[in-house]
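# Close look at the chain arrangement
Spelled out from the first residue to the last, the chains are:
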Amino acid sequence: MFSYKYEIFTAAIEDKINKRILLKGERLPSIREIKKEYNLSIVSIQSGYESLILKGLVKSVSKKGYFVDKSFENQFPTSQKQFLPVSRDVDFTSNLELTSARNKSSEANSFNNAVPGDSMIPQKLILRTMQNVIREKGASLLRYYPPNGSEELRNLISDRMRRVGSIIYPDEIIITDGALQALFIALRSVTNEGDVIAIESPCVFSVLEVVANLKLKIIEIPVQYENGFDINYFEKVCLEHPIKALVITPNFHNPTGKLMNDLDKKKLLSISGKFKITIIENDIYGDLHFTEQRPSCLRNFDEHNNVITFSSFSKSLAPGIRLGWLHAGKFYHEAEKIKFSLGRTVSPLYQELIVKLLQNNSYDRHLRSFRKKLNQQAMYLWSALIKYFPESSYFHQPEGGYSIWCELSREINMEEFYNYCEKNKILFTPGNTFSITNEYQHCFRAVFSDYLTSESLILIEKAGVKARELLLK
C-alpha cells in the first residue's frame, strides 16, 4: 500500500523521470487529466505535485501547468573519492572531541542528532504499553532474563525478518543493549587485536570508536555519490590485504544516505565468499524507507552464512530504548560468550515492551506514520539546502534513513563556515568526523529526524547565504 493516495500517480511520474523517459521541460498531465485517470480529488493531486516539487523533480508554471524540472547533467561531483589502500590504526581523539562538542541534544534546531526528535517519538504509545507491561509482568521484570534475550522476542524478530526475505533463526539471535554493543560483539567474535577490517568511507563516528577500542586496523572503502559503495575498489583491496571483516550499512548508509541495489549486494557477497571475509551488516535504518517496499538485506542473498546482521529499535522508536539484536549465525557460540561478559541481561522492561509492540502490530502502525513524517521532513530540508546554498554544492536526495550528505565547493573556507554556524547555533556534523583521513573537509551531514520549524528553515537560509558569501571571497 502507498503511504498517501496521491502516490498512485506520483510514483509513476517519478519513475519515468528517473529513467529519463520524461525529460526536463516536458509538460506533465494536468490536474483534470490526473483526476480522470486515477479518480483522485483535486486536493490529493495538488498535494502529489507539491511533493514532486519539494523533491526537485517538478516545477509549477502559472497558468501553464506542471513541468519536469530535473536535469541529470552535473548531478554528481565529477571527482571520485580515492584512497590509498593502506591499513591504518584508528586515532579518533580529536574527532571525538569535535563530535561531543557539537552533540547538543537540547538544541531545538539541531541538524546533527541522528535520533528521533521528541516530537517524532510515539510517547503515548510507548508509555501506555510500558504501563500495561508492568501491570501484567509485575515483579518478574526485576529478575534476570536469559543472556541471549527473551525467547518470545527472538521468535518475533525472526518472523519479522522472514517476512522481508531474511532467514534468521531465533536460536542464532542475541538481544543486545543497543546496536553499538551488537557491533562490538560481532567484531570481537571474528577478529583479534591488530587484524585488518574494511569500513565504508565516510563512516559514522560511533563505528570508528568501536573499532578503535578493539585495536583493529582499518582500510576505508569509498562510498561514491553515483554508485554508492565502491565494490571494485573493495575487491582490489581484498587482493592486496588480509581483510578479516567488512562493516557495512547497505540500506540508507549513514551519513551519505545511499541505498545499495540488489545486484551490488549479490556481487558484494560473491567477493566476500571468494576471499572468506565476514560481512557485518548494519540494518538499523532498513525499516525507515520512503518507498513502498522495504529494501532487502544482504542476509536475503547469503548462501554461505558469511553475513552477521544487527539492528536496533532506538532509531525507529526512541533513543532511550537501548535494545538491539544480533544475528550471529555460525559465530553464535563465540558471540554468546562475549555478550555474557558484557552483562547478564538486557532490560526486561524494554524486551517486554518490544514484544508487546510487535505482537499487536503497534510497531508497524507507528512505522507507517513515522516514515511519512520523515519523508516530509527530508523533502523540506533537501529543498531548502538546494534553494539557499551555492549551485556548486552537492546534496544527496534521501530515499530513507535520517541523513542528507552535503559537499560544498573546495573554494569555501570551511573553518569560517563552521564558526559562523556555531555562533548562530546551526548544528551540522562536520565531514571530518566520518573518517580518519582529511577527505571530507568540505562535507557535512544534515539530519531530518525532527520537525523542521520556520526557525529551522531560516537557519538553513542563513547558512546557505554564508556559504555563498564565502564562495565569492
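Presented here is a report on the structure given in the accompanying data block. (Residues numbered from 1 in each chain as written. Predicted model: local features only at pLDDT ≥ 70, side-chain atom pairs only at ≥ 80, totals over all residues. Heavy atoms only, no water.)

### Points about unusual backbone geometry
Applicable threshold: Helix and strand labels come from DSSP, where a helix needs a run of H or I of at least four residues and a strand needs a run of E of at least two; each type is numbered from the N terminus.
Going from Ser 201 to Pro 202, the amide bond is cis rather than trans, its omega being 5°. Residue position: Pro 202 is located in the loop between β5 (196-201) and α8 (205-213). A cis amide bond, omega 20°, links Asn 254 with the succeeding residue Pro 255. Summarising the element assignment, Pro 255 is placed in the loop between β8 (243-248) and α10 (262-274). One non-glycine residue with positive phi stands out, namely Asn 39, at about 55°. Tracing the chain through its elements places Asn 39 in the loop between α2 (31-38) and α3 (42-54).

### Here we look at the packing of aromatic side chains
To keep it simple, the criterion reads: Paired rings are identified among Phe, Tyr and Trp, the last through its six-membered ring, by centres lying within 6.5 Å, and are further divided according to the angle between planes into stacked (under 30 degrees), edge-to-face (over 60) and tilted (the rest). Residue burial is assigned from relative accessible area. The probe radius is 1.4 Å, only protein chains are included, and a residue is buried under 20% of its type maximum, exposed over 50%, and partly exposed in between. Counted as over-ring charges are cases with an Arg CZ or a Lys NZ within 6 Å of the ring centre that also lie within 35 degrees of the ring normal.
Using the criterion set out here, one finds 19 aromatic pairs in the structure. With a centroid separation of 5.8 Å and 70° between ring planes, the pair formed by Tyr 285 and Tyr 402 is classed as edge-to-face. With Tyr 285 in the loop between β9 (278-282) and β10 (307-312) and Tyr 402 in the loop between β12 (394-395) and β13 (403-407), this pair connects stretches of sequence that are 117 residues apart. Both residues of the pair, Tyr 285 and Tyr 402, belong to the buried class. Seen from their ring centres, Phe 389 and Phe 444 are 6.1 Å apart, and the 45° between their planes marks the pair as tilted. Of this pair, Phe 389 sits in the loop between α13 (362-388) and β12 while Phe 444 sits in strand β15 (residues 443-447); the two residues are 55 residues apart in sequence, bridging distant segments of the chain. Residues Phe 389 and Phe 444 agree in their burial class; the two are buried. Among the aromatic side chains, those forming a connected cluster through ring pairs are Phe 111, Phe 389, Phe 395, Phe 417, Tyr 418, Phe 428 and Phe 444. The ring of Tyr 144 carries the charged tip of Arg 344 above its face, separated from the ring centre by 5.0 Å.

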